[in-house]
Amino acid sequence: MNLKAICQEIVSEAFKSREFFDAIESAVSKSIDKHIAKFVDRFEKNEAQILELQINAEKQAKEIDAMKWLVESQSDDIKNLKREMNDMEQYSRRNCLLVFGVKEEQAEDTTDIVCDIASRHLGVRLQKGDIDRSHRIQPRRRQDHNAETNNRKPPRPIIVKFTTYRVRREVLSNRRKLKG
């Protein structure tokens with residue numbers, strides 16, 4: 001008998017034996033159990049990580065909601081502060097008046113000019129003490145070489161801050177006398 005035939009006979013006898021199948025079944029079962037245990041371990045780790053991520057996501061969602069509320073609250077506060085600031089600025093301008101169309105001169109005293117206009121044209125007796133401050137608004141214009149161009153530009157307005165609202169109201173109520 002040759003080696004090949006002997007091997008075939010041994011294998012054939014082994015396949016007929018129940019012990020051989022039990023040994024193979026046991027080896028395969030152990031190998032499968034080992035691989036399944038690895039997958040179960042990975043699955044449990046992944047599940048724990050997912051749970052941790054969900055908890056963190058919930059915490060961050062709560063923090064985001066709290067921050068949204070804070071931003072909305074601060075936004076409302078800013079709107080209210082802007083409104084209050086605007087009201088205060090308007091109130092601080094309560095005693096102010098703009099005077100337009102007064103010819104500009106070099107080294108002029110705007111307080112004297114306003115007092116003169118009030119007494120001559122409005123019939124209001126203003127004294128320097130009735131005016132807190134006055135000046136031309138906008139920056140001084142550059143003098144062009146052409147005098148004709150300078151004469152066409154309207155003069156800068158004068159802003160006057162009166163010491164009391166009563167004086168401002170008196171000047172303002174007589175403004176119709178300037179018509180024409």
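The structure we're discussing is the one just above.
All values derive from a computational prediction rather than experimental measurement.

Enquirer: Run through the overall build of the protein chain, naming residues and quoting values.
Expert: A count of helices and strands for the protein chain gives 5 helices and 3 strands. Against the 2.2 N^0.38 benchmark of 16 Å for 180 residues, the protein chain shows a C-alpha radius of gyration of 49 Å, more extended than a compact globule. On the principal axes, the C-alpha backbone points of the protein chain span a range of 145 × 45 × 25 Å. In the protein chain, which comprises 180 residues, the proportion classed as buried is 16%. Carbon and sulfur atoms make up 55% of the accessible area of the protein chain, which totals about 15300 Å². When the 36 positive and 30 negative side-chain charges of the protein chain are each reduced to one mean point, those points stand 15 Å apart.

Enquirer: How would you summarise the packing of aromatic side chains if you had to cite specific residues and measurements?
Expert: A full pass over the atoms with the stated rule returns 0 aromatic pairs. Lying across the ring of Tyr165, Arg94 places its NZ or CZ 4.0 Å from the centre.

Enquirer: Break down the nonpolar core for me, citing the residues and quoting the values.
Expert: Within the largest apolar cluster, 17 residues are counted, with the highest numbers of intra-cluster contacts made by Leu126, Ile131, Ile158, Val160, Phe162 and Val171. Of all the secondary-structure elements, those providing two or more residues to this core are β1 (96-99), α3 (110-122), β3 (158-162) and α5 (165-173). For Val160, the residues in contact, after removing those within four places along its chain, are Asn95, Cys96, Leu97, Val99, Val114, Ile131, Arg133 and Ser134.

Enquirer: Residues and numbers for the side chain of Arg168, please.
Expert: With respect to the helices, strands and loops of the structure, Arg168 is situated in helix α5. Filtering out sequence-adjacent residues up to four positions away, Arg168 remains in contact with Arg94, Asn95, Cys96, Leu97 and Phe162.

Enquirer: So, α5: which residues are in play, and what are the values?
Expert: Those residues of α5 lying buried are Val167, Arg168 and Val171. Viewed along the axis of α5, the buried residues span an arc of 100°, placing them on a single side of the element. Tucked inside the fold, the buried residues of α5 contact β1, α3 and β3.

Enquirer: Which residues make up the state of the cysteines, and what values do they have?
Expert: Counted by the stated rule, this structure contains 0 disulfides. Cys96 supplies the cysteine sulfur nearest to Cys115, a cysteine that is in no disulfide, at a spacing of 15 Å. The exposure class of Cys115 is buried, given its relative accessible area of 11%.

Enquirer: How would you summarise the pattern of salt bridges if you had to cite specific residues and measurements?
Expert: Within this structure, the stated rule accounts for 9 salt bridges. Notably, a salt bridge pairs Arg136 with Glu108, separated by 2.6 Å at the nearest N-O pair. Of this pair, Arg136 sits in strand β2 (residues 131-136) while Glu108 sits in the loop between β1 and α3, and the two are 28 residues apart along the sequence. Residues Glu170 and Arg166 are paired through a salt bridge, measuring 3.9 Å at the closest nitrogen-oxygen approach. Here the residue Glu170 and the residue Arg166 both occupy positions in helix α5, the gap between them amounting to 4 residues, near one helical turn. Through salt bridges that share partners, Asp109, Asp112 and Lys128 make up one connected network.

The rules behind these values
By convention here, each chain's residues receive numbers from 1 onward along its written sequence. Note on the predicted model: pLDDT of at least 70 is required for a residue's local features to be given, and 80 or more for side-chain atom pairs to be given and counted; whole-chain, interface and lining totals, by contrast, use all residues. The side-chain figures draw on all heavy atoms in the structure; neither hydrogens nor water molecules are used. Secondary structure follows DSSP: runs of H or I at least 4 residues long count as helices, runs of E at least 2 residues long count as strands, and numbering of each begins at the N terminus. For the radius of gyration, the atoms used are the C-alpha atoms, and the globule rule reads 2.2 Å times the number of residues raised to 0.38. The rule is simple: take the accessible area with a 1.4 Å probe, protein chains only, and divide by the maximum for that residue type; under 20% is buried, over 50% is exposed, in between is partly exposed. All accessibility values rest on the Shrake-Rupley procedure with a 1.4 Å probe; residue burial counts only the protein chains present in the view. Just so you know, the count uses Lys and Arg for positive and Asp and Glu for negative, and it drops His and the chain ends. Throughout, a charge is located at the NZ atom of Lys, the CZ atom of Arg, the CG atom of Asp or the CD atom of Glu. Whether two aromatic rings pair depends on their centres lying within 6.5 Å, for rings of Phe, Tyr and Trp, where Trp uses its six-membered ring; planes under 30 degrees apart make the pair stacked, over 60 edge-to-face, and the rest tilted. Put simply, a charge is over a ring when the Lys NZ or the Arg CZ is close to the ring centre, within 6 Å, and near the line of the ring normal, within 35 degrees. Residues belong to a common nonpolar core when they are buried Ala, Val, Leu, Ile, Met, Phe, Trp, Tyr or Cys residues joined through side-chain atoms within 4.5 Å. What makes two residues a contact is simply this: any of their non-hydrogen atoms within 4.5 Å. As used here, the arc belongs to the directions running from the helix axis to the C-beta atoms. Cysteine sulfurs are considered disulfide-paired once they come within 2.5 Å of each other. By definition here, a salt bridge exists when the distance from a side-chain nitrogen of Lys or Arg to a carboxyl oxygen of Asp or Glu is within 4 Å.

Treat this as a map of the structure, not an account of what it does.
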